[in-house]
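Working through the structure, step by step
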Amino acid sequence: MDAAEREETFRRLAAHMPGRTPTAKGPKDQPDPFRSVVSCLLSAQSRDVNTAAAVTALFQLARTPDDMLRLSEAEIAAAIKPCGLYNMKARSIRRLCHALIEEHDRVVPQTREGLMGLPGIGRKCADIVMSFTFDEDVIAVDTHVFRVCNRTGITQERTADKTAAALERDVPDWARRDGHFWLIQFGKSVCLSRRPRCESCFLNDLCRAFSATGGVVPPPSA
Ligand code: SF4
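Conventions and cut-offs
Residues numbered from 1 in each chain as written. Predicted model: local features only at pLDDT ≥ 70, side-chain atom pairs only at ≥ 80, totals over all residues. Helix = DSSP H or I, 4+ residues; strand = E, 2+ residues; numbered from the N terminus. Rg over C-alpha atoms; globule rule 2.2 N^0.38 Å. Buried ≥ 20, exposed ≤ 12 C-beta atoms within 10 Å, placed from the backbone. Contact = placed C-beta atoms within 7 Å. Axes fitted to C-alpha atoms, helices over the stretch in contact; angles between N-to-C directions. Parallel < 35°, antiparallel > 145°, perpendicular 65-115°, else oblique. Nonpolar A, V, L, I, M, F, W, Y, C, P; charged D, E, K, R; others polar. Expected span 1.5 Å × (residues − 1). Arc of directions from axis to C-beta. UniProt positions renumbered as here; feature names shortened; annotations may be inferred. Near = placed C-beta within 6 Å. Domains from an automatic or database assignment. Core = buried A, V, L, I, M, F, W, Y, C linked by C-beta atoms within 7 Å.

Moving on to the overall build of the chain. What the chain contains, in helices and strands, is 12 helices and zero strands. Its C-alpha atoms give the chain a radius of gyration of 19 Å, within 12% of the compact-globule value 17 Å for 222 residues. If you line up the chain on its principal axes, its C-alpha atoms span 55 × 30 × 30 Å. Going through the 222 residues of the chain one by one, you find that 40% of them count as buried. Taking contacts inside the chain between residues at least 6 apart in sequence as the whole, the part at least 24 apart equals 61%.

Next up, the structure:
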């Protein structure tokens, strides 16, 4: 997609999708930076509802890095069991807490580089924390954003991290604030994973996957 097509794509997304409204779904119920990074760490390969259950259980036991380190790894693992991979995640949480205490004076860093330097925090988590906790205009790439970007041709990258970098480079400035929301809302309502609603889609004249498949866009392979 060239710059003019990308601009037009976001213009239509802005016209059709609600964006960053007070009722838009997002992890904004976790404005506390420590809770936000821990939630992100727990969300890997976990459904939202299971992540939320694990976060609630864990933060009933501890709310700060120091309190968290008073729990044993087994106690943390037991609390976060609903989100899966709980032994590995419990270890990562303890490493994260050590890093915050020893390297960041107990303060969650506000830069992408600082966040990605924390144990267990990758680009997606860093971008989510920056957007939802620190209110930066960043388009975090989750599974919906990745799928929509690759199908439409907004970006065409093999990984979520490369997609995030391409979005940062190519998305018009005016679209950065709500872009994450528009793409997720579009991915959940029109460009569905298994059965995208291509015939009625307001982007089908711009969409690379639509033109490449004659309108029979398959579900993602992975
Ligand atoms: S035409 Fe189909 S694949 Fe392309 S953006 Fe629309 S719903 Fe998605």
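Now that the structure has been shown, we can carry on.
Turning our attention to the packing of helix H9 (residues 143–152) against helix H11 (residues 176–189). Where H9 meets H11, the axes come as close as 8 Å, and the angle between the chain directions of the two elements is 80 degrees. For the element pair H9 / H11, the angle class is roughly perpendicular. Contacts between H9 and H11 pair His144, Val145, Arg147, Val148 and Cys149 from the former with His180, Leu183, Ile184, Phe186, Gly187 and Lys188 from the latter. The residue makeup of the contact of H9 with H11, split by class, is six nonpolar, three polar and two charged.

Taking 1.5 Å per residue as the helical rise, helix H1 (residues 3–16) with its 14 residues ought to reach 20 Å, and the 20 Å between its terminal C-alpha atoms agrees with that figure. Residues Arg6, Thr9, Phe10 and Leu13 constitute the buried set of H1. Buried residues along H1 cover an arc of 90 degrees about the axis, so they all sit on one side. Turned more than 90 degrees away from the buried face of H1, the exposed residues are Ala4 and Ala15. In this structure, the buried side of H1 is in contact with H9, helix H10 (160–170) and H11.

Turning next to the UniProt feature "domain: HhH-GPD" (unreviewed entry) in the chain. As recorded in UniProt, the feature "domain: HhH-GPD" (unreviewed entry) lies at residues 42–189. Note that residues 42–189 is 64% helix and 0% strand, and that its end C-alpha atoms are spaced 26 Å apart.

This brings us to the site of the ligand. In the vicinity of the ligand lie 14 residues, with Cys191, Pro196, Cys198, Cys201 and Cys207 positioned nearest. Listed by contribution, the elements that provide at least two residues to the shell around the ligand are H9 and helix H12 (208–213). Looking at the shell around the ligand, its residues break down into 10 nonpolar, two polar and two charged.

What follows covers the domain arrangement of the chain. Parsing the chain into structural domains produces domain 1 (3–22 + 139–213) and domain 2 (31–132). Averaged C-alpha coordinates put domain 1 and domain 2 at centres separated by 29 Å. On the side of domain 2, five residues touch domain 1, which itself brings seven residues to the contact. Of the residues belonging to the side of domain 1 that touches domain 2, the class tally is four nonpolar, one polar and two charged.

Bringing the nonpolar core into the picture now. By size, the foremost hydrophobic cluster in this structure holds 60 residues, and its most contacted members are Val37, Leu41, Ile80 and Val129. For this core, the domains that each give at least three residues are domain 1 (3–22 + 139–213) and domain 2 (31–132). Contact partners of isoleucine 80, with chain neighbours within four places excluded, come to Leu42, Ala54, Ala57, Leu58, Tyr86, Lys89 and Ala90.

In this section: helix H6 (residues 86–103). Given 3.6 residues to a turn, an α-helix orients residues that are three or four positions apart in the same direction. Taking 1.5 Å of rise per residue, the 18 residues of H6 would be expected to cover 26 Å, and the 25 Å separating its terminal C-alpha atoms lies within 8% of that figure. For H6, the complete set of buried residues consists of Tyr86, Lys89, Ala90, Ser92, Ile93, Leu96, Cys97 and Leu100. Here the buried residues of H6 occupy an arc of 165 degrees about the axis, which is enough to place them on one side. Those residues of H6 that are exposed and aimed more than 90 degrees away from the buried face are Met88, Glu102 and Glu103. Where the residues of H6 are buried, they touch helix H2 (33–42), helix H4 (65–69) and helix H5 (73–79). Phi turns positive one or two residues past the end of H6, at aspartate 105, with a value near 55 degrees.

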